[in-house]
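# Descriptive analysis of the structure
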Amino acid sequence: MLKPGWQQEFGQLADSCIRLLSELAETAYKQGSVTRLRATVECLLKHGHCDDQHLIHLAEAGLKTSRPQLAEFALGKLIERSPQQADYLLHLASVQAAQGQFSQALATLEQVPQQFHQAPEFTQQQADIRSRQQQQLELRQLIKDVLVSDVAAGMSDQDFETHGQSILQAAINLQDHQAIIDVTVALSKRLPLEQELLIQLCQSLEQTDNDQWMGRFVLALSGCGQFPHLIRFYLEWMLNRNRQSSLVASKPLLQSIVDRHHPSHVDVVAVLLALNNDWKEFGQCVDLAMQTMTKPPVLFRYAVSYWLQNGQADKLEPWLQQAENLTANELRFFAAALEGQREHLSTRLELLQLAYGKANNDANILNDLGDALLHTGNSAEAIQCFFKAINNEQEESFYTCYNLAVTLQAEGDNRQAFDYFKRAIAVDPQQWPSWKQLCHLLVSSGTWQMAYDVARYYLSEHEDDAQIWGHLATAALKLSQIADSRTYIEQALKLKPNGSGPLTNLSLIEMACGNISEAFAANQKVLMSSSAPDMVRQNALSNMLFCGNYDPNKSEAQLYNIYRAVTGHMPRQQYFPKVQDYQGRRIRIGYVSADLKMHPVAFFVEALFEHHDRSRFEIFAYSGVGMEDHYSDMLRKHVDHWKYIGKTPDQELAEMIIEDGIDVLMDLSGHTDGNRLSLFALKPCAVQVSWLGFAHTTGMRQMDYFLGDEQLTPPSCDRYFAEKPYRLPRASYCFTPNVRFRDFVPTISRRPDKEPLVLGNLGRAIRFNTPVLKLWKRVLDAVPNSIIKIDNPNFKDQESQQMMRQRFAEHGIDNDRLWVGFTSDYWQSIVDIDIALDGFPQNSGTTLFEFLWCGTPVVSLKDRPSVGRLGAMVLHGIGRDEWIADTAEQYIEIVSQLASDRDQLHQIRSGLRQQFLDSELCDGPDFARAVEDAYVAMLKEKSADDSH
């Protein structure tokens, strides 16, 4: 159950979100984006995490770009923090004076510490402000005495106009906006003022960061008579710039117009009625309004929307016929009314293409055109439109950034999508869709801490989003917050009781707790759900198989019976390709994986990719990586073709592979996350091979071969593989350490005799089953002065640690012989273990190689192929067959022998890394030649089969 007050807790920005917003603010400052700088700083202030430097940047931006209100806001915040900082006070006084706030400016100067009052700069500034204040007072008095008082009544119209124009010019020179309004209102009450003059005066009141003075001017004038041309100008000015939220109230403007149906201003009335949501009266005047020559372009949006909603779609036709004669903005607003109307998709696109032809640098038109192209399936052109819109924007738009990010994400360019979702957040942090999409990307890229923080922040305002509760649960699980993860999944299940996503997440939690039966049951429920999408059910089946691999109670035959069900849950085979003649050309090899990034798969394919003979083989990488990284960049350099397929449907991908002429298609995932086994089920390639990611059969008859070796896949296992095991004459894995840690050199010390020897495993809870713990109890009995160390992120929290201690205690292993927890220094944790104990029936994977690379010997018990023979493959590959056990008794004996002589153990450990590096497990060229020979042999064998 969620804790009381969880929403308030979630709504507080976490460290990663604060860093994100701070970085966005810094980037905005460097790029000169006042819009983004202001929005991010305001968000940081709201949450109490804005530092002074951001406010200094904001004040500087306000001063440099003539945004006095912005500068005043930032300086005010700085002064709240540092009331005696003279520079801040002096700048604030200047800004206040620039806005005609002379009294406030002088009051601000009084706050400047006394020691600065005699400085020439201070006295000059004070004198200037007092002088301007006096001018303002005199001006205001002049307005009152000459234009408003009884004196005005005695003047002739000509004298009144002459004095009025003189006073108006003085107000303009002093930049006294209120005085400009007061003078204009006084003149309008007595004299007929030219509409052009009013429009010019209205424009002169515009400020970069303040539309209010224009609105006040129009509102004040509308109370003095009918000025439809001024109102029309104001409406066009604001609505063409998407500033509807800043408009003054429409009712007073509407009330100022007496004859609402007069042809000269019925168009203005119609727009004001629409803004006022008075659709009944709007319907009475819209047809007449649309016939006026001066109508604001936005009227098209309201008129077309009204016609469509009231069954008058036939009224669109005359306007469509004369579309070429409309202005660019009229076409844009016409198209805007068709947004979301499926039957008008093509019409909307045509209108926007016409608008683009008339104004090809208009950011609003470019954004709308990009959206229309996206909805008609032309993502590539949409992206170009969005980019061009961003480059031409006078004011940055959230929607342009967001639309571009969504389109880039759909096209698989998640790196750029990530950048533009962040930019969208910077433009307007209050727009929640970008936070949600950012969460999706963070989850797909495995950036778990930030995904966790963003999900919590989003859910503080959107508690009914089951999908994001699922993301939060996944992130919590990855961060080893297992109890919290279960709470979040329960919340998702409340919202979607039979939701396949939450049930899948629940199975992952059960696996993290080592509850194999419960995890199996949760996946089985998803698999049997008729409402679950095919892909979700396929993932549930894969998770069931994963559970089965760890289940010590299932025999090889029982496990294979589960695997045999895979084909029935996959698409039917559609292609029946034959081996193509490859003589005289390079053989084309395609690798399919969602893990060509910083992931264990990359540690094993790097050597293969790097050492492929590119004169004989043409290499294609079909990458489904959610967000590519430096490893993706590194691997890309070693292939001829790199294609993103994360969003490509199976059928389309199959056609792509056929078009590419792939001779051998290699699956690197098996049943792990992001697999494309449903693609392999279609059988687009004559030779399909599974290797690496899952280390076991796929269960699919469409997969031709499983790449193994004599240790991993001994001949006795053939009947439990849907594929034909192909055995390399060497180890079927080749390891290259993580590029970030290749310079790590382990410091191996002899364990003092008085200290207990450390036996250890870095696995998750699912590895510690009853047979394993029973055997380890016997090992501890055989090696008295020893402890077992279990070190894994799974055991960060005390609840998980206690659960594991309880499980060990149930098998006679007391707390004084056990250490359970998590050490953040992964490599040092490995070095601290004297002897690594491998588990079963599924052996460890990457950690086997990392133990040996760090100089820690591993003892492994052979179990069912192939997942139970990984340890044997690795140890045979390094030439340490004596550490491979066939029975539990041998396992105990091997550990006891290694532990019996600490001097010899230290000697072994000191030389183990070099032995590992010199072995076939790290021989990239030899491995690549062996794999290439296997490909040729497979092609020959399949070609011979085809000829029969």
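Small disclaimer: the values here were computed from a predicted structure and weren't measured. (Residues numbered from 1 in each chain as written. Predicted model: local features only at pLDDT ≥ 70, side-chain atom pairs only at ≥ 80, totals over all residues. Heavy atoms only, no water.)

## Side note on the overall build of the chain
Defined as follows: Counting from the N terminus, the helices are DSSP H or I runs at least four residues long and the strands are E runs at least two residues long. The classification of residues rests on relative accessible area computed with a 1.4 Å probe and restricted to protein chains. Under 20% of the type maximum is buried, over 50% is exposed, and intermediate values are partly exposed. The contact criterion used throughout is that any non-hydrogen atoms of two residues lie within 4.5 Å. Surface exposure here means Shrake-Rupley accessible area, sampled with a 1.4 Å probe, where a residue is shielded only by the protein chains that are shown.
Helices and strands together make up the secondary structure of the chain, namely 45 helices and 13 strands. When the backbone C-alpha atoms are referred to their principal axes, the chain occupies close to 120 × 75 × 55 Å. The burial tally for the chain puts 57% of its 948 residues in the buried class. Partitioning the contacts of the chain with sequence separation of at least 6, the portion at a separation of at least 24 is 66%. Carbon and sulfur atoms make up 47% of the accessible area of the chain, which totals about 40200 Å².

## Concerning the pattern of salt bridges
Applicable threshold: When a carboxyl oxygen of Asp or Glu lies within 4 Å of a side-chain nitrogen of Lys or Arg, that pair is called a salt bridge.
What the rule picks out here adds up to 44 salt bridges. In this structure, the salt-bridge partner of R616 is E932, at a minimum N-O distance of 3.9 Å. One end of the pair, R616, is in the loop between α34 (600-611) and β2 (617-623); the other, E932, is in helix α45 (residues 924-947), with 316 residues separating them in the sequence. For R616, a relative accessible area of 35% translates into the label partly exposed. Residue classification places E932 among the buried positions, given a relative accessible area of 0%. Between E889 and R778 there is a salt bridge, and its shortest N-O distance comes to 3.3 Å. Placement of E889 in helix α43 (residues 888-900) and of R778 in helix α38 (residues 770-782) is noted, with a sequence separation of 111 residues between them. Overall, E889 belongs to the partly exposed group, its relative accessible area being 47%. Its relative accessible area of 37% is what places R778 among the partly exposed residues. What emerges from the salt-bridge pattern is a single network uniting R586, R588, R614, E618 and D640.

## Quick word on the packing of aromatic side chains
Worth spelling out the cut-off: Aromatic pairing here means that ring centres of Phe, Tyr or Trp (its six-membered ring) are within 6.5 Å. Orientation follows from the plane angle: under 30 degrees is stacked, over 60 is edge-to-face, and everything else is tilted. By the criterion adopted, a ring carries a charge over it if an Arg CZ or a Lys NZ lies within 6 Å of its centre and within 35 degrees of its normal.
Across all of its chains, the model carries 44 aromatic pairs by this definition. Through pairs of rings, three or more aromatic residues link up here, namely F603, F604, Y631, W691, Y733, F735, F849, F916 and F927. Positioned above the aromatic ring of W642 is the side chain of R636, whose terminal nitrogen or guanidinium carbon lies 4.8 Å from the ring centre. Sitting above the plane of the W853 ring, R913 keeps its charged end 4.0 Å from the centroid.

## Digging into the sheet that holds strand β7 (residues 724-728)
This is how it is decided: Two strands pair if DSSP finds at least two bridges between them. The axes are straight lines fitted to the C-alpha atoms, using for helices just the contacting stretch, and the angles between their N-to-C directions are given from 0 to 180°.
Taken together, the seven strands give an open sheet; going across it, the order is β3-β2-β1-β4-β5-β6-β7, and neighbouring strands pair in parallel fashion. A strand with exactly one partner marks an edge of an open sheet, and here the two such strands are β3 (641-644) and β7. In this sheet, neighbouring strand axes are inclined to one another by 25 degrees on average, regardless of whether the strands run parallel or antiparallel. Alignment of β2 against β3, held across four bridges, turns out to be parallel. When the sheet's bridge partners are listed, S623 is paired in β3 with Y644.

## Some thoughts on the side chain of N738
Looking at where N738 falls in the secondary structure, it is placed in the loop between β7 and β8 (757-761). N738 gets classed as buried once you look at its relative accessible area, which sits at 7%. Sequence-distant contacts of N738, that is, excluding residues within four places in its chain, are made with M598, F603 and Y631.

## Details of the UniProt feature "repeat: TPR" (unreviewed entry) in the chain
Defined as follows: UniProt positions are given in the numbering used here, feature names are shortened, and annotations may be inferred rather than shown by experiment.
Here the UniProt feature "repeat: TPR" (unreviewed entry) sits at residues 363-396, 398-431 and 466-499. Regarding residues 398-431, the helix share stands at 79% and the strand share at 0%, and the terminal C-alpha atoms are separated by 8 Å. Secondary structure within residues 466-499 divides into 79% helix and 0% strand; the distance between the first and last C-alpha atoms comes to 9 Å.

## Description of the pairing of β2
Counted only if it meets this: Consider the strands pointing away from the viewer: the crossover is right-handed when the path from the first strand over the helix to the second runs clockwise.
Within β2, seven of the seven residues are buried, which leaves the element mostly enclosed by the surrounding structure. Burial along β2 is two-sided: F617, I619, A621 and S623 facing one way and E618, F620 and Y622 facing the other are all buried. The pairing of strand β1 (residues 587-593) with β2 spans seven bridges and is classified as parallel. Looking at β2, one finds that R588 is bridged to E618. With helix α35 (residues 630-636) bridging β2 and its parallel neighbour β3, the resulting β-α-β unit is right-handed.

## Focus on the side chain of S669
With respect to the element layout, S669 can be found in the loop between β4 (664-667) and α37 (677-682). Taking the relative accessible area as the measure of exposure, S669 reaches 1% and is therefore buried.

## Here's the deal with the sheet that holds strand β13 (residues 884-885)
The strand order β10-β9-β8-β11-β12-β13 describes an open sheet built from six strands, whose pairing is parallel. Edge strands, defined here as strands with exactly one partner in the open sheet, are β10 (818-821) and β13. As paired elements, strand β11 (residues 835-837) and strand β12 (residues 858-861) share two bridges and run parallel to each other. Within the sheet, the bridge partner assigned to L837 lies in β12 and is V859. Lying over the sheet, α38 contacts β8, β9 (786-791), β11 and β12, oriented at roughly 145 degrees with respect to β9. The sheet contacts of α43 involve β8, β11, β12 and β13, and relative to β12 the element is tilted by about 170 degrees.

## Quick word on helix α44 (residues 902-918)
Where we set the bar: The length a helix should cover is 1.5 Å for every residue beyond the first. The bend reported for a residue corresponds to the angle between axes fitted to the seven residues ending at that residue and the seven starting there. Under the rule applied, a polar contact is a pair of N or O atoms within 3.5 Å (in protein, one hydrogen donor and one hydrogen acceptor; residues adjacent in sequence only if both atoms are side-chain atoms).
With 17 residues, α44 ought to run about 24 Å at 1.5 Å a step, and its terminal C-alpha atoms sit 24 Å apart, in line with that. Taken as a whole, α44 carries its principal kink of about 40 degrees at L912. For α44, every residue scored as buried is listed here: R902, L905, I908, R909, L912, R913 and F916. Residues of α44 that are buried make contact with β8, α40 (826-832), β11, α41 (846-853), α42 (870-878) and α43. Taking the backbone nitrogen of D903 as reference, a side-chain oxygen 3.1 Å away marks D901 as the first, capping residue of α44.

## Some details on the UniProt feature "domain: O-GlcNAc transferase C-terminal" (unreviewed entry) in the chain
In this numbering, the UniProt entry assigns the feature "domain: O-GlcNAc transferase C-terminal" (unreviewed entry) to residues 575-730 and 756-926. From the first C-alpha to the last, residues 575-730 spans 33 Å; its make-up is 23% helix and 23% strand. As annotated, residues 756-926 comprises 48% helix and 14% strand, and the C-alpha atoms at either end are separated by 41 Å.

## A closer look at the environment of G100
Checked against the element boundaries, G100 lands in the loop between α6 (86-98) and α7 (102-110). With a relative accessible area of 18%, G100 lands in the buried category. Sequence separation of G100 and Q178 is 78 residues, and the distance between their C-alpha atoms is 9.1 Å.

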